Amino acid sequence: MKRKYNPHGLPPWLRSIRNVCGQFIVPICIFQGIRTLILPSILDVLLLILLMAAIIAFQFEMI
């Protein structure tokens, strides 16, 4: 059986790190999107895709 993920069961220090990452990931993604538009490279595009996936995971509380 797969256990459901419960963010409230995490230790307090890990919850605070998760909250800080959730707050900083959107501005970093915006910066990376602008950088990708100006100087596109494979690494920039892959990093932007990874950041977008992290935003979606934070939004749906998968992380």
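Here the structure is a predicted model, which is why all the values come from computation and not from measurement. (Residues numbered from 1 in each chain as written. Predicted model: local features only at pLDDT ≥ 70, side-chain atom pairs only at ≥ 80, totals over all residues. Heavy atoms only, no water.)

Q: Just to check I follow, could you spell out the packing of helix α1 (residues 12–38) against helix α2 (residues 42–59) for this structure?
A: Between two packed helices, the angle of one axis relative to the other and the distance separating the axes together describe the packing. Following both chains from N to C, one finds α1 and α2 inclined at 145°, their axes separated by 9 Å at the closest point. With respect to the hand of their crossing, α1 and α2 are arranged in left-handed fashion. Between α1 and α2, the residues in contact are Arg18, Cys21, Gly22, Ile25, Val26, Ile28, Cys29, Gln32, Gly33, Arg35 and Thr36 and Asp44, Val45, Leu47, Leu48, Leu51, Met52, Ala54, Ile55 and Phe58, respectively. Of the residues assigned to the contact of α1 with α2, the class counts are 13 nonpolar, four polar and three charged. (Axes fitted to C-alpha atoms, helices over the stretch in contact; angles between N-to-C directions. Helix = DSSP H or I, 4+ residues; strand = E, 2+ residues; numbered from the N terminus. Left-handed = near helix turned anticlockwise from the far one by under 90°. Contact = heavy atoms within 4.5 Å. Nonpolar A, V, L, I, M, F, W, Y, C, P; charged D, E, K, R; others polar.)

Q: For this particular structure, what's the right way to read the environment of Met62?
A: Turning to its location among the elements, Met62 is positioned in the segment after α2. Taking the relative accessible area as the measure of exposure, Met62 reaches 59% and is therefore exposed. Residues Met62 and Pro7 lie 55 residues apart in sequence; the distance between their C-alpha atoms is 8.9 Å. Setting aside residues up to four positions removed in sequence, Met62 forms contacts with Tyr5 and Ala57. (Buried < 20%, exposed > 50% of the residue type's maximum accessible area, 1.4 Å probe, protein only.)

Q: Help me understand the side chain of Thr36 in this model?
A: Here Thr36 lies in helix α1. Since its relative accessible area comes to 11%, Thr36 is described here as buried. A distance of 2.7 Å separates a polar side-chain atom of Thr36 from the backbone oxygen of Gln32. Excluding anything up to four places from it in sequence, Thr36 contacts Asp44, Val45 and Leu48. (Polar contact = N/O pair within 3.5 Å; in protein donor to acceptor, adjacent residues only side chain to side chain.)

Q: Help me out: how do you make sense of a nonpolar patch on the surface in this one?
A: The grouping of Val26, Ile30, Ile34, Leu37, Ile38 and Leu39 at the surface amounts to a nonpolar patch, some 650 Å² of accessible area in total. Looking at the element boundaries, Ile38 is found in helix α1. You can call Ile38 exposed: its relative accessible area is 61%. (Patch = residues over 30% accessible without salt bridge, like charges linked within 9 Å, V, L, I, M, F, W, Y side chains within 5 Å. Areas by Shrake-Rupley, 256 points an atom, 1.4 Å probe, with all protein chains shown as cover. Salt bridge = Lys/Arg side-chain N within 4 Å of Asp/Glu carboxyl O.)

Q: What am I meant to see in the nonpolar core here?
A: Side chains of a nonpolar character, in soluble globular proteins, are inclined to be buried together. By size, the foremost hydrophobic cluster in this structure holds five residues: Ile25, Cys29, Leu51, Ala54 and Phe58. The element that contributes the greatest number of residues to this core is α2, accounting for three residues. With residues up to four places along the chain from it excluded, the contact list for Phe58 reads Arg18, Cys21, Gly22, Ile25 and Ile63. (Core = buried A, V, L, I, M, F, W, Y, C linked by side-chain atoms within 4.5 Å.)

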